[in-house]
Structure formats: C-alpha cells, structure tokens
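What the coordinates show
What follows is each chain in one-letter form.
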Amino acid sequence: MGRRGIRFLWEEGGRGRMGRLRPALPEAFLREARDLVGERDLRTEEAELFSHAKDAWLLGGVWFSRGKEPILPGAVAYPESTEEVSGLVRLCCRYKIPLVPYGGGTGVVGGALPPAGALVVDLKKMNRLLEVDGENLLARVQAGMNGWRYEEELNRRGYTGGHIPQSLPSSTVGGWIAHRAAGQFSTKYGKIEDLVAGLEAVMPDGTVVRSRAVPRSATGPRLEQLLLGSEGMLGIITEATLRIFPFPERRLPLSFTFPSLEGALEAARRILRRGFRPAVLRIYDGEEVGLHFRGVVEEGRVLSLFLLEGDGKQVEVEGEVVEGECRSAGGSPSGEKPVEHWLRTRFDVHLAQEVIRGGGVVDTVEVAILWSRAAELYRKVRGELEGLEGMVHVSGHFSHFYPEGVCLYLTFAGFPSDPEAFYWGAWEKVMKATLELGGTISHHHGVGLVRARWMEEELGGFLSVLRKIKGALDPQNLMNPGKAGWGDGRGGR
C-alpha cells in the first residue's frame, strides 16, 4: 500500500458486488489492531466499511443514487483514548497502511473519503467534555464529542461555545478544527481558529504532542495553527482546549429588507467598520428569499437578518446602530418573524436531498472576498452559472462578515444531460471567477478532493512549503493521503 495503488472515490459503472471492491488488510495487522482497541472496536463488517466510505459530499450522493459503489476502507477502529490512537498510528506506520481520521462524516468536499484498504480511525468514542474553567473561560474537550452535545453541556453550565455551524447536530469538535470551520454566530465569537487555545494531537509517527492553553504566545510558530485546516494530513487531533463565553444575557432579533443587494451590503459594511459585531448577520438574495422565506418576507426583496446577543447594554446600543445604518442604506424594518423562522429552520437541508432523489445535481460553494469586489463577484458567478445547460436554480447569500470583507455562499441545482460535466463545470466557473477577482476559493468547507485542482492558483509558492512539511512529517504519506492538493508531500499531486 502507501504511495502505490491508492484509489479514491467511486468505482465507475456501479459494480454488482461490494465484495469485489473490498481490499483485505493483512491478518497480522488486524490481530494487532484488535489487541490495541479490543475486539468490539475493530470493525470489518461490510455495513461498517460502507458507512465510512463516504461523507456529506453532494456529488457522492449523486453517484450513490445512480448505483455506483464507493471505494471501501479495510477496517474501522474506534479508539477510546489518545494512547490507543497513538498505537494505531504506529501500527499503520509499521505495516504501511494509510489511515483516515473520521468524526461526524459531515464534510462536504470529500476530505474523509478513504483510499482503498485504509484504516479509518473513528473518534466518536472519545466524546467527553473533560473540564469547564469558568474563571478563565476555557473548556477542555475530546475531539470526537458531538457539536450539539458540546453546546448543550456548556449551556447547562451557563456558557456558550459560540461555534454553531449548520452541521452542529452531527459534526464533531475535531472535525471543526481539522477543517478550519466557521459557525453561524462567528461574526461575534470568531471562527474555530479564534477559539482554539490549545491542542493535543497524535503526529504521523505516533508521537503525542500537547500545547498549553495561554492567552497568547510569541515563542515561535504555533503547532495548533498548522494543524487547523490540515484535514487529517499532518496528524490526528485528539483533544482541544477551546475559548467559551458567558451565556448571553439578552438576545435581540432584527431584520430589514432592501431593494438591492448593494444597499444591504453597504449597511453591513458600515456596521462592521464601526466596530460592532452582530452574532448573526446574513444577507439573502431574492431567489433565496423565495426559496427559504416564502410567506415570511415579501418576495423579490433582499433580506438582512440580525441576531444580536450578549450583555444587555451592549445589545441595546448595537441594536440602535444596526437600525440606523440599515435605514440609512435604504432598508425597511421587517420585524422579528424572519429571524424566528431562520432559527427554526437553520439546520434543515432536506431540499438538496430532494433534488438528488429527483435525479438532479445540487451543491453549495462558499468563497470569500473583499468588500470592494463582493457585489461584482456575486453578479459574475451568478451570470456564468445561469448559462450552464440544465441549470434550474442559482442563488446566494452572504453568511460571514469581517471589517475587510465577506463570505459569499452559493447554491446551484440542475437537471443536466451530463451530471458530472455539469457539476465540475459549475465549480470551475465559481473557482475561476473568485481567483480572477482576488478572492479565496474556500471560506469554511475546506479543500478535500473537490478543490484540490485549484490549489496551485490559490496558494502559489506556499503550496510547495505545505507539501514539504507534509513530506517531512509523514514521509510514507499515510495520513489521509491525496487530499487538499498536497499530493504525496514530495511536490506533485
């Protein structure tokens, strides 16, 4: 195994028997792995392999619905401690078996798809909230803890983690970190890279490293920052110390509609420029208003949602600023109802599954760009996507905000004659338009397999540095190989 013979994705044409795709791992390896984690926690049944052969990548769902079978791993291990993870990594090194860390399986870019015959290390049994330090506003948590349970536990003790991605009900803390995630409340609380104060991880040779939680340090580059967004290619994150916040004293929902996207963006830019940070700020175009807010908001208008929270006095002042800037930019108050509707439906993703079940192709793409090119990028990619054969729906909203720019989140769907050509054609148009206007091709979903082909243009010379780091830390290229455009760590894809 190792560099030779690594196969990803789906077998073409849909094979008749899964067994033909199932690679066998050496019996001696399986015996030693069972000795490490126990008979019950080393699984090789077909159902177990199948469930770990895919993530939430929507093209995978399209292939699956057409009868194509995924490439299978060789086994799935459920370690219960950092020591067991370390033992599994050392064992894989000795037998030259690739391994893939696995959390909730909610990634949408193919980052958790295993190569044939890999060992999948599923961390869901490492799922405890180890410590909540209210004085220092820190929480120590194992990487496999479910996001919803983490937030619930904190809320019960009077705190919030401030990290609420759409995948919250099924994603894990380790997955957030490995994919450099961003939550819906991140304009106030920050993205996951702002929340990580310390990490514990198992490196590609099995060594366990830990960093102390400190407010800040100038003792050289921080290893945890290198592991953030590394998608399991530089090590397996086993534990994190995250910053937390007192549960908000007050919440204030506000919404405004605008005749144009530019007016809504300008109001948001002014609010951020003045130093205010609404917990939730989202701007929906007319198509998304028609899709997600039918009967709640006047169709054809652009909708800006705000959820302000925190200290009561701070929220009061922030509310006055938000209302003043929105009115000044041409917005009309639309009340609390659109925000309440969004809070009730924000984790609902059934529409995408309905399109796939109906024989269509659908996906979402998030990119980020400076304020000065935001509206231009939106109009450019919309125009180009609408020109694709079979396209039936293109829409967008702005979901995360910064003093210097925004995240644009696009949705496209179609019923084309050639689904894969349509899918990659749509991605090509969004990626190229974003790069041409100076944006970044991913805001918070990561790279995985989907964006790998554009990483040279995205990172330039920095990509070769990352490949050298990968080659130095993982010379056998066993840690989640082939992802993020890093290739085998030696300079090629």
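Residues numbered from 1 in each chain as written. Predicted model: local features only at pLDDT ≥ 70, side-chain atom pairs only at ≥ 80, totals over all residues. Heavy atoms only, no water.

Observations concerning the sheet that holds strand β2 (residues 75-77)
If you trace the 4 strands from one edge of the open sheet to the other, you get β1-β2-β4-β3, paired in mixed fashion. The outermost strands of the open sheet, each flanked by one partner alone, are β1 (42-43) and β3 (99-102). Note that β3 and strand β4 (residues 119-122) share 4 bridges and pair parallel. Looking at the pairing, Leu99 lines up with Leu119 of β4. In the packing of helix α4 (residues 82-95) onto the sheet, the strands contacted are β2, β3 and β4, and the crossing angle to β4 comes to about 170 degrees. (Pairing = 2+ DSSP bridges. Helix = DSSP H or I, 4+ residues; strand = E, 2+ residues; numbered from the N terminus. Contact = heavy atoms within 4.5 Å. Axes fitted to C-alpha atoms, helices over the stretch in contact; angles between N-to-C directions.)

Some remarks on the layout of surface pockets
Roughly 700 Å³ of internal volume is contained in the second largest pocket. Arg180, Leu228, Gly229, Val447 and Leu459 are, among the 33 residues lining the second largest pocket, the residues nearest its centre. Mapped onto the lining of the second largest pocket, the elements with two or more residues apiece are α9 (223-227), α17 (455-459) and α18 (461-473). Grouping the amino acids of the lining of the second largest pocket by side-chain chemistry returns 17 nonpolar, 10 polar and 6 charged. (1 Å grid on protein atoms, 1.4 Å probe; cavity = no way out; pocket = protein on both sides within 12 Å on 5 of 7 lines; lining within 4 Å. Points joined across faces, edges and corners; volume = space filled by probe spheres on them. Nonpolar A, V, L, I, M, F, W, Y, C, P; charged D, E, K, R; others polar.)

Let's talk about α4
With 14 residues, α4 extends 20 Å between its outermost C-alpha atoms, agreeing within 8% with the 20 Å of an ideal straight helix rising 1.5 Å per residue. For α4, the complete set of buried residues consists of Thr82, Glu84, Val85, Ser86, Gly87, Leu88, Val89, Leu91 and Cys92. Count one or two residues on from α4 and you reach Lys96, which has phi positive near 55 degrees. (Expected span 1.5 Å × (residues − 1). Buried < 20%, exposed > 50% of the residue type's maximum accessible area, 1.4 Å probe, protein only.)

Regarding the pairing of strand β10 (residues 236-243)
A large share of β10 lies buried, amounting to 7 of its 8 residues. Pairing between strand β8 (residues 196-202) and β10: 6 bridges, direction antiparallel. Opposite Ala201, over in β10, you have Ile237 as the bridge partner.

Section: empty space enclosed by the protein
Applying the stated criterion across every chain, the model contains 1 cavity of 30 Å³ or more. Every residue lining the largest cavity is listed: Val108, Val109, Asp363, Thr364, Val365, Glu366, Trp427, His445 and Arg451. When residues in the lining of the largest cavity are grouped by element, the largest group, 4 residues, is from strand β16 (residues 361-370). By residue class, the composition of the lining of the largest cavity is 4 nonpolar, 2 polar and 3 charged.

Overview of unusual backbone geometry
Negative phi characterises most residues that are not glycine, and trans characterises most peptide bonds. With phi around 55 degrees, Lys96 is a residue other than glycine that occupies positive phi space. Relative to the assigned elements, Lys96 resides in the loop between α4 and β3. For Lys96, a relative accessible area of 46% translates into the label partly exposed. For Leu137, which is not glycine, the phi torsion reads 55 degrees and is therefore positive. Secondary-structure assignment places Leu137 in the loop between β5 (129-133) and β6 (138-142). Overall, Leu137 belongs to the partly exposed group, its relative accessible area being 28%.

Examining the state of the cysteines
Applying the stated criterion to the full structure yields 0 disulfides. Cysteine Cys93 shares no disulfide, and the gap to the nearest cysteine sulfur, in Cys92, comes to 7.3 Å. Looking at Cys407, it has no disulfide partner, and the nearest cysteine sulfur is the one in Cys326, 19 Å off. On the basis of relative accessible area, Cys407 is assigned to the buried category, the value being 0%. (Disulfide = S-S within 2.5 Å.)

Here's the deal with the packing of helix α10 (residues 261-273) against helix α15 (residues 371-386)
In the contact formed by α10 and α15, the axes pass within 11 Å of each other and the chain directions differ by 155 degrees. What the angle tells us is that α10 and α15 run roughly antiparallel. Where α10 crosses over α15, the handedness of that crossing is right-handed. Facing Leu261, Glu262, Leu265, Ala268 and Arg269 of α10, the residues of α15 in contact are Trp371, Ala374, Ala375, Tyr378 and Arg379. A breakdown of the residues in the contact of α10 with α15 according to their chemical character gives 7 nonpolar, no polar and 3 charged. (Parallel < 35°, antiparallel > 145°, perpendicular 65-115°, else oblique. Left-handed = near helix turned anticlockwise from the far one by under 90°.)

Quick word on the pattern of salt bridges
Enumeration according to the criterion identifies 33 salt bridges in this entry. For Glu131, the salt bridge is made with Arg140, and the minimal N-O distance between the two is 3.5 Å. Overall, the relative accessible area of 39% leaves Glu131 in the partly exposed class. Counted as one network, the salt bridges with shared partners bring together Glu266, Arg269, Arg270, Arg274 and Glu325. (Salt bridge = Lys/Arg side-chain N within 4 Å of Asp/Glu carboxyl O.)

Brief notes about the packing of α10 against helix α12 (residues 312-328)
Relative to each other, α10 and α12 sit at 145 degrees, their axes nearing to 8 Å. The element α10 and its partner α12 pack so that their crossing is right-handed. Between α10 and α12, the contacting residues are Ala267, Arg270 and Ile271 on the first element and Val322, Glu325, Cys326 and Ser328 on the second. Taken together, the residues that form the contact of α10 with α12 break down as 4 nonpolar, 1 polar and 2 charged.

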